[in-house]
Amino acid sequence: MSRLWRQRYEVLAIAAVAASAVPDLRLVAYALAFVVLALVTWSYRADLVGGRTASLLAVLAVLVAAESDGRWSLTAACLAAAAFFAVAGFAQAALETSFLETANLDVQRSTRGRAASPAVVSVIVGTATSLLPLAAAVPEALAPAADAAALALVAAGLAWTAAGVIANLIRRSRESHPIDRAVVAAVEKLQPKYVVHFGGAKLSEYQIEMWLPYFDRIGDPYLVLVRDAHLMPGTVACTSAPVVLAPGQSVLDKLLPESVRACFYSNHAQKNTALIRHGELLHIQLMHGDSDKAISRSALSLMYDRVFVAGQAGVDRYHRHGVDIPDRKFRLVGRPQLHGIRVGERERAADEAPVLLYAPTWTGFTEDVNYSSLNEGKAIVEAALARGVAVHFRTHPYTSTNAAYQAFAEEIRAILAADAGRLPHRWGAAAESQVSLADCINAADAAVCDISGAASDWLYSGKPFAMTDPRGLRGEYLEEFPVAAGAYLLEPGAGNAEAVMAELFDTDSKAVQRAATREYYLGDHAPEDLFEVFAEAVRETYAAPVRKTVTAAETSVGATPETAVETAA
């Protein structure tokens, strides 16, 4: 259903094409075509490429009817619009030569420069094409005038677009690497001390959202460089810092004024290497959560000059798996995101039901990193319900990328919905988009987590939690995932769920071990100190000019660690 919803414009456009072939349904076809073109223009008003398949089909619906009725001016307008949508990608790329998408950045442009932006062109062409089905629907007596007006409007919009495209093509022929000079000037004026680089797959905005509010609080000027257009809206929504969409290498290189000394990353996206090649800068990997997943000790971290981890467990995780990052590259910075978590048992009324947070992870890109327990989540939830425990069900943002596990999640949501009259369960937006993970942790008494950052974050609260073993590691589990030392372990299939619930809500025999694990993973920082620990580590990366040195321990066989020279920044 979610996939059908994402393609709703295309579905409506196909219906318009089908209706246009039936004379008695022409008005229906025009109505559907208008709805599609208007909605696409509004939804993708800053993007010439977005929704172009639906737009092309909607214009085709009008074209079929216009051609069969011999309305040649309208036919010509439809053909011109269809031709534009066919080459919209080329047009947008050409226009972006002189116009980079930005947010929160003081960019000074001429009126002509603003009018030739992809966003303005998209609205002009979209509005003109949206009038085609309206022109087609007018009474026969008004058809000649309506058709001529439609053709004139479409022609004017395309002429304006063509002028901008041609100007930029000429510029490309004269300059080796043309760029939006106005944005370059605005960045130079900003004088950012560091940049935050972000690229990745769709739905990965959460990886940067967890860090930007804390960079904002530091107060020093910085710039966010987003590499993929689909990540721009979500990134802009969570920060007041200047943001620039920098899709190409040549663009990226010109957005690094001399004031920049450090670059921060929150994932291992392939496009990170485009910035890491700048050896004169200090490169820092943050990652997007502290967990025992394979990605949190990836050898890709060797590329970076520094690796920020929450606690000593983050350092040992790399070394335990043979990733030989020198200790001097690590900084133990805690987790600033945990500052809002209340440590200790939750206060609740005598008649209030206890609450279990069930926060399963996603399936990963490949089966060997699939740590999700959603396939056994029903048994976990039913064991909680049998004890009169309310369940707050929070899924990973990537859950929807796997149809089978999305179905498991929907089954659990249905169970909770059916039982909502008895217990105050939360699921969907109430446990996900409307609240933070910290909010969910504060609202619960115990948790069930998979191998993920949610387990480490929960650990900070000091409250009891359980972890799942869907891969059946059993005896090898603790060795592979040491965070489980403070947790109760669910067997594969969750056959011991009832016994685990008894530990979580009654006996809690691992309270002492959990406290030791908490310090090992997250450090011994009070909630009110977490931000300043992180901020101090960030400021240190750009406090002085970057000076990198290779240590003797890294260049000489048999050299001792005592001969190492610190990397200075």
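Heads up: the structure comes first, above all this text.
Residues numbered from 1 in each chain as written. Predicted model: local features only at pLDDT ≥ 70, side-chain atom pairs only at ≥ 80, totals over all residues. Heavy atoms only, no water.

J.: Lay out the pairing of strand β11 (residues 446-449) in plain terms, naming residues and giving numbers.
T.: Here β11 shows two buried faces, one formed by Ala446 and Val448 and the other by Ala447 and Cys449. Strand direction decides the pairing type here: β11 and strand β12 (residues 465-467), joined by three bridges, are parallel. Note on β12: the bridge partner recorded for Cys449 is Met467. Handedness of the crossover is the feature at issue here: the chain leaves β11, passes through helix α20 (residues 453-459), returns alongside β12, and the resulting connection is right-handed. (Buried < 20%, exposed > 50% of the residue type's maximum accessible area, 1.4 Å probe, protein only. Helix = DSSP H or I, 4+ residues; strand = E, 2+ residues; numbered from the N terminus. Pairing = 2+ DSSP bridges. Right-handed = clockwise from strand over helix to strand, strands pointing away.)

J.: How would you summarise the sheet that holds β12 if you had to cite specific residues and measurements?
T.: Strands sit in the order β10-β9-β11-β12-β13 across an open sheet of five strands; the sheet is parallel. The sheet is open, and its two borders are formed by β10 (390-393) and β13 (488-489), each paired with just one other strand. Taken together, the four bridges between strand β9 (residues 355-359) and β11 define a ladder with parallel strand orientation. Within β11, the residue paired with Leu357 across the bridge is Ala447. The sheet strands contacting helix α17 (residues 377-386) are β9, β10 and β11, and the helix crosses β9 at an angle near 175°. Against the sheet, helix α22 (residues 497-507) contacts β9, β11, β12 and β13, and its axis sits at roughly 140° relative to β11. (Contact = heavy atoms within 4.5 Å. Axes fitted to C-alpha atoms, helices over the stretch in contact; angles between N-to-C directions.)

J.: How would you sum up the packing of helix α5 (residues 72-86) against helix α9 (residues 143-174)? Please name residues and give values.
T.: Between α5 and α9, whose axes approach to 8 Å, the crossing angle comes to 25°. One finds that α5 runs roughly parallel with respect to α9. For the element pair α5 and α9, the recorded crossing hand is left-handed. For the pair α5 and α9, contact is made by Ser73, Leu74, Ala76, Ala77, Ala80, Ala81 and Phe84 and by Asp147, Ala148, Ala150, Leu151, Val154, Leu158 and Thr161, respectively. The class makeup of the residues in the contact of α5 with α9 is 11 nonpolar, two polar and one charged. (Parallel < 35°, antiparallel > 145°, perpendicular 65-115°, else oblique. Left-handed = near helix turned anticlockwise from the far one by under 90°. Nonpolar A, V, L, I, M, F, W, Y, C, P; charged D, E, K, R; others polar.)

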